[in-house]
Amino acid sequence: MSYVFLFLEKLKGALRALWSVLFRWNSFNHFPCKFNEELLREIADAMVSTGLSALGYEYINIDDCWAELDRDSKGNLVPKASLFPSGMKALADYIHSKGLKIGIYGDAGTLTCTKLMPGSLGYEEQDANTFALWGIDYLKYDNCHNTGLSPQKRYLKMSKALLKTGRPIFFSLCEWGQEDPATWAPSLGNSWRTTGDIKDNWESMTSRADQNDAWASYAGPGGWNDPDMLEVGNGGMSYQEYRSHFSIWALAKAPLLIGCDIRTMDNETFELLSNKEVINVNQDKLGIQGKKVKKTGNLEVWCGPLSGDRVAVVLWNRGSQKADISAKWKDIGLKSSVTAEARDLWEHSTIPSVQGELKATVDAHGCKMYVLTPS
């Protein structure tokens, strides 16, 4: 048995300990290069005071632009003093004191995507040790300025380096889906981007959902397809569109990564992000990614199995007019003779007995989401 095989098996075991899909907040969508330690402390405070942390959201992630362009005399990454006067370790300690975890950003190239801070190519062990020393719990690892080297090799180096630190650090590979990371990333990290960056509009969101869906069979407990962050609450989409966004990401077992300012979010945004019944679908212990199973024009049925022989179903209207959508039992893997209770996860109501087919009228760009429990 080769050393490489033994290492990868050990690596898989360590990474699989990080079993569930994680809930996070990230600075990039709402505060691109416009954050500091004071804002991040306020975000951590809001995560607790709003009750989001009690629902499972626990990571406060810092994206690009946090470091000085030049390393120090020993080659170490240096947080910008103007943004982090107390230092990164002090910020991590504060976030940990709130019962939360902290994430940071790096790049598998010579520079990060903004060109404002150094990448980790050639510095993997040094930077991993720095992150561990600071108390970092999560690393988003981007793919800019990569000099054309194979992503498998570059990401493997950081994966080994993180494991060598002895600190459990969630490893998020942000390779943008360019070289089909779902086929090779499960042995290296905990999640991998299947798409390019999302934007706060309907076309971007729906295309990311479709691209991610193609890799549904590759995800599972400990290793998740990532169609990028949630835009819920940033203002570029309607309530119905954001509800579809959150529902499909939850069904697909995607990491639920808040990208809005939770300090000032409105009631609709909080309602969407805090729906415990939808979150429970995302966190179901089977960890099987739901997928698109039926498409009739702009009308779609997405579904996935849940623990306890249950099935999660999303009826998604991607058209511009209200429409009736139906999911027949054969479409969603139930026997024709089965009678099921249908729980509407957004209306928080129950249809006690449904047989053969689930039907609903769905608003334009909206969805209905159910959990079916066979009786």
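Note that the structure is predicted; figures quoted are calculated from it, not measured.

What counts, and at which threshold
Residues numbered from 1 in each chain as written. Predicted model: local features only at pLDDT ≥ 70, side-chain atom pairs only at ≥ 80, totals over all residues. Heavy atoms only, no water. Core = buried A, V, L, I, M, F, W, Y, C linked by side-chain atoms within 4.5 Å. Buried < 20%, exposed > 50% of the residue type's maximum accessible area, 1.4 Å probe, protein only. Domains from an automatic or database assignment. Contact = heavy atoms within 4.5 Å. Phe/Tyr/Trp six-rings, centres within 6.5 Å; stacked < 30°, edge-to-face > 60°. Helix = DSSP H or I, 4+ residues; strand = E, 2+ residues; numbered from the N terminus. Lys NZ or Arg CZ within 6 Å of the ring centre and 35° of its normal. Pairing = 2+ DSSP bridges. Axes fitted to C-alpha atoms, helices over the stretch in contact; angles between N-to-C directions. Parallel < 35°, antiparallel > 145°, perpendicular 65-115°, else oblique. Left-handed = near helix turned anticlockwise from the far one by under 90°. UniProt positions renumbered as here; feature names shortened; annotations may be inferred. Disulfide = S-S within 2.5 Å. Expected span 1.5 Å × (residues − 1). Salt bridge = Lys/Arg side-chain N within 4 Å of Asp/Glu carboxyl O.

**What about the nonpolar core?**
The biggest cluster of nonpolar side chains holds 82 residues, and the ones touching the most others in it are Trp 25, Tyr 57, Trp 66, Phe 246, Ile 262 and Leu 273. Both of domain 1 (20-283) and domain 2 (291-374) provide at least three residues apiece to this core. Discounting residues that sit within four places of it in the chain, Trp 25 has contacts with Phe 31, Leu 39, Leu 40, Ile 43, Met 47, Tyr 59, Ile 60, Asn 61, Leu 257, Ile 258, Cys 260 and Ile 262.

**Re the packing of aromatic side chains**
Summed over the entire model, instances satisfying the criterion amount to 14 aromatic pairs. With a centroid separation of 6.5 Å and an interplanar angle of 40°, the aromatic rings of Tyr 155 and Phe 171 are classed as tilted. Within this pair, whereas Tyr 155 is found in helix H5 (residues 151-165), its partner Phe 171 is found in strand E5 (residues 170-173), the two being separated by 16 residues in sequence. The two residues Tyr 155 and Phe 171 agree in class, both being buried. Counting every residue linked through ring pairs, the aromatic cluster contains Tyr 141, Tyr 155, Phe 171 and Trp 184. When the ring centre of Tyr 123 is taken as origin, the NZ or CZ atom of Arg 71, which lies over that ring, is 3.7 Å away.

**Side note on the pairing of strand E11 (residues 310-317)**
Counted residue by residue, E11 has seven buried out of eight residues, so it is predominantly covered. With eight bridges connecting them, strand E10 (residues 299-306) and E11 associate as antiparallel partners. When the sheet's bridge partners are listed, Cys 303 is paired in E11 with Val 313. Where E10 hands over to E11, the hairpin turn is made up of three residues, of which Gly 308 adopts a positive phi near 70°. Bridging between E11 and strand E16 (residues 367-374) involves six bridges; their strand directions are antiparallel. Bridging from a neighbouring strand, Val 313 pairs with Tyr 370 of E16.

**Notes on the packing of helix H6 (residues 202-213) against helix H7 (residues 239-251)**
With their axes 11 Å apart at the nearest point, H6 and H7 run at an angle of 15° to one another. The orientation of H6 relative to H7 falls into the category roughly parallel. Between H6 and H7 lies a crossing of left-handed hand. Contacts from Trp 202, Met 205, Arg 208 and Ala 209 of H6 reach H7 at Glu 241, His 245, Ile 248 and Trp 249.

**Structural notes on the UniProt feature "domain: Alpha galactosidase C-terminal" (unreviewed entry) in the protein**
The UniProt record marks residues 296-372 with the feature "domain: Alpha galactosidase C-terminal" (unreviewed entry), using the residue numbering of this structure. With 5% helix and 62% strand, residues 296-372 has its two end C-alpha atoms placed 22 Å apart.

**Describing the state of the cysteines**
Counted by the stated rule, this structure contains two disulfides. Between Cys 33 and Cys 65 runs a disulfide, and the two sulfur atoms are separated by 1.7 Å. With Cys 33 in the loop between strand E1 (23-26) and helix H2 (37-49) and Cys 65 in the loop between strand E2 (57-61) and helix H3 (88-97), this residue pair connects regions lying 32 residues apart in the sequence. Cys 33 sits in the partly exposed class, given a relative accessible area of 36%. Residue Cys 65 is classed as buried on the basis of its relative accessible area, which comes to 2%. Regarding the disulfides, the protein carries the connectivity 1-2, 3-4 under sequence-order numbering of its bonded cysteines. No disulfide involves Cys 174; its sulfur sits 7.0 Å from the nearest other cysteine sulfur, which is in Cys 113. Residue Cys 367 stays outside any disulfide, its sulfur separated by 14 Å from that of Cys 303, the closest cysteine.

**Remarks on the sheet that holds strand E6 (residues 191-193)**
Taking strand neighbours across the sheet as the criterion, the eight strands line up as E7-E6-E5-E4-E3-E2-E1-E8 in an open arrangement whose pairing is parallel. Since the sheet does not close on itself, it has two edges, and those belong to strand E7 (224-226) and strand E8 (256-258), each with one partner. On average, each strand axis in the sheet is tilted by 25° relative to the strand beside it, whichever way the strands run. Across three bridges, the pairing between E1 and E8 is parallel. From the neighbouring strand, Arg 24 faces E8, where its bridge partner is Leu 257. H5 rests against strand E4 (138-142) and E5 of the sheet, and its axis sits at about 165° to E4.

**Some thoughts on H5**
Spanning 15 residues, H5 covers 22 Å between terminal C-alpha atoms, matching the ideal 21 Å at 1.5 Å per step. Positive backbone phi, approximately 85°, marks Gly 166, located one or two places after H5.

**Observations concerning the sheet that holds E11**
The sheet built from six strands is open, its strands ordered E9-E10-E11-E16-E13-E14 with antiparallel pairing. Because the sheet does not close on itself, it has two edges, and the strands there are strand E9 (291-296) and strand E14 (349-355). Averaged over all adjacent pairs, the angle separating strand axes in this sheet is 25°, with direction ignored.

**Here's the deal with the pattern of salt bridges**
According to the stated counting rule, one finds 22 salt bridges in the structure shown. Where Lys 292 meets Glu 300, a salt bridge forms, and the shortest distance between an N and an O atom there is 3.3 Å. For Glu 300, a relative accessible area of 1% gives the class buried. Salt bridges sharing common partners tie together Asp 210, Lys 292, Lys 295, Glu 300 and Arg 318.

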